[in-house]
Amino acid sequence: MTDRPTMTGVLTLQPAMPAADAPTWPGAAWVGAVDRHAALAADAVVLAGAAGFGRARLLVRDGREVAGSIDVTVGPDGALEPTEAARALRALRPTRLPAAPQGPAVGRITVVVATRDRPEDVRRCVASVLASAWDDLEVIVVDNAPSSDATRTVVASFTDPRLQYVLEARAGVSRARNAGLAAATGDVVAFVDDDVVVDEWWAAALAGAYARDADVVCVTGLVPSGELRTPTQRYFDERVTWARNTERRVYRTASPPDDLPLFPFSVGAFGTGANMSLRRSAAIALGGFDVALGPGTPARAGEDPDLFTRVLFSGGALAVEPSAIVWHRHRADREALRAQALGYGTGLGAWVAKLMSRPGTAFAVLRRAVGALRQLGALGQGNAGDGGDQVSAAVDAIGGWPVDDEFRAAAAGLKRAELTAALGGPWRYVRGRFAAR
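The structure displayed is predicted, hence computed values, not measured ones. (Residues numbered from 1 in each chain as written. Predicted model: local features only at pLDDT ≥ 70, side-chain atom pairs only at ≥ 80, totals over all residues. Heavy atoms only, no water.)

**Concerning the packing of aromatic side chains**
Then comes step 1: Throughout the structure, instances matching the rule amount to seven aromatic pairs.
Then comes step 2: Centre to centre, the rings of Tyr-251 and Phe-270 are 5.1 Å apart; their planes meet at 70°, and the pair counts as edge-to-face. One end of the pair, Tyr-251, is in strand β12 (residues 249-251); the other, Phe-270, is in the loop between β12 and β13 (275-279), with 19 residues separating them in the sequence.
Then comes step 3: Using a relative accessible area of 3% as the deciding quantity, one classes Phe-270 as buried. (Phe/Tyr/Trp six-rings, centres within 6.5 Å; stacked < 30°, edge-to-face > 60°. Helix = DSSP H or I, 4+ residues; strand = E, 2+ residues; numbered from the N terminus. Buried < 20%, exposed > 50% of the residue type's maximum accessible area, 1.4 Å probe, protein only.)

**Quick word on the pattern of salt bridges**
Then comes step 1: Enumeration according to the criterion identifies 30 salt bridges in this entry.
Then comes step 2: The salt bridge partner of Asp-62 is Arg-36, with a shortest N-O separation of 2.7 Å. Residue Asp-62 is located in strand β4 (residues 55-62), and its partner Arg-36 is located in helix α1 (residues 36-41); the two are separated by 26 residues in the primary sequence. Arg-36 shares its class with Asp-62; the two are buried.
Then comes step 3: Among the ionic pairs, Arg-170 bridges to Glu-168, the shortest N-O distance being 3.1 Å.
Then comes step 4: What emerges from the salt-bridge pattern is a single network uniting Arg-118, Asp-121, Arg-124, Asp-194, Asp-195 and Arg-331. (Salt bridge = Lys/Arg side-chain N within 4 Å of Asp/Glu carboxyl O.)

**Quick look at a nonpolar patch on the surface**
Then comes step 1: Taken together, the side chains of Val-352, Met-356 and Leu-366 present a nonpolar region at the surface, about 240 Å² in accessible area.
Then comes step 2: Within the secondary structure, Met-356 is located in helix α10 (residues 334-356).
Then comes step 3: Overall, Met-356 belongs to the partly exposed group, its relative accessible area being 36%. (Patch = residues over 30% accessible without salt bridge, like charges linked within 9 Å, V, L, I, M, F, W, Y side chains within 5 Å. Areas by Shrake-Rupley, 256 points an atom, 1.4 Å probe, with all protein chains shown as cover.)

**Things to note about the pairing of strand β7 (residues 137-144)**
Then comes step 1: Where burial is concerned, most of β7 is hidden: eight out of the eight residues are buried.
Then comes step 2: Residues Leu-137, Val-139, Val-141 and Asp-143 line one face of β7 and the alternating positions Glu-138, Ile-140, Val-142 and Asn-144 line the opposite face, and both faces are buried.
Then comes step 3: As paired strands, β7 and strand β8 (residues 163-168) are joined by six bridges and run parallel to one another. Each residue of the ladder has a partner; that of Val-139, found in β8, is Leu-163.
Then comes step 4: For the handedness criterion, the β-α-β arrangement of β7, helix α4 (residues 150-157) and β8 is classed as right-handed. (Pairing = 2+ DSSP bridges. Right-handed = clockwise from strand over helix to strand, strands pointing away.)

The following block contains the structure:
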């Protein structure tokens, strides 16, 4: 993305996650970011690589501050419709600068990328992390139970001394992240998924959140969709909250928020493991990630909400920092989305089973049991709706996508599959606990 219009008055934006070919689905949206002041000052806003796109999803910023997102029309020349775009930009809320620092400054930041057999994703992710505007950076790629040396080869292709490779032969993303934590030397350890691209100012935004509040031990960031080329990606985008946590907040058990009745079990409000960080000392004190939870275990997921709640129960504060942005590529096809939904379902059930197995958290869970049941079926980190209407609402959220009855039926099936998987989560957690011994 260019920071200001060119001499000709044209502002050219770059896609968040460029693709080699044009989309084939007519409901696809071009995705990227724009500075509001630069866009309003430009004579025209043009999107690079916009062939085949009729709409655009733009994350709007005032400098580094996130104002929200807009969906606007893209003309055949790749330019935004100027009147519509200007109206949408002005309608977003004004941004405010963050509070002044109150805690100690952050020095080195270690970034851990856990991966398994996705070398090209790793290449793209690592390149973006190394381009971060932060002076003292350490990057650790943890190769988790690989089937080949492809990831090692990709890491070796970088000549940057800040990058190192770690092999974790035992399967499981929690084991991989713990291996990265053990090798880390930074004051803060940040964890990102291998299928993300980080924003240039991502690391600086994390550091700012820690510096503002001395008791903050965990910071999560915004995870907007980096690609919206298929109905499956747009459906997933509508159901998760990762890209909509645009309000800067700090959570503490000493002052429960009134708008989160399930707090501190508010799945989704705290963010996601695709963009999370902890003070290294706090992460070590907590024992790292639970190796019985997460991808690569029978539970399939649940490792990130588990860690978030452990942070809060330990007395630490958790900050949501929307200016810490990573772009995420959602699953593009139905089978991959179904597998992900099953994983979220079993992970949710496994995580609840863990909470119920410990006296310190079981009572807190029971107090919120009725409300928690209403949130089952919330595809990962979203909020539940009312029965099948949630599916229609997600599919129709932006005004009538070109999807057929077969897609609607498949979407409804995802919710049922996730609910069923959640019921099997406790048994999967038990299996995972035995396997972890």
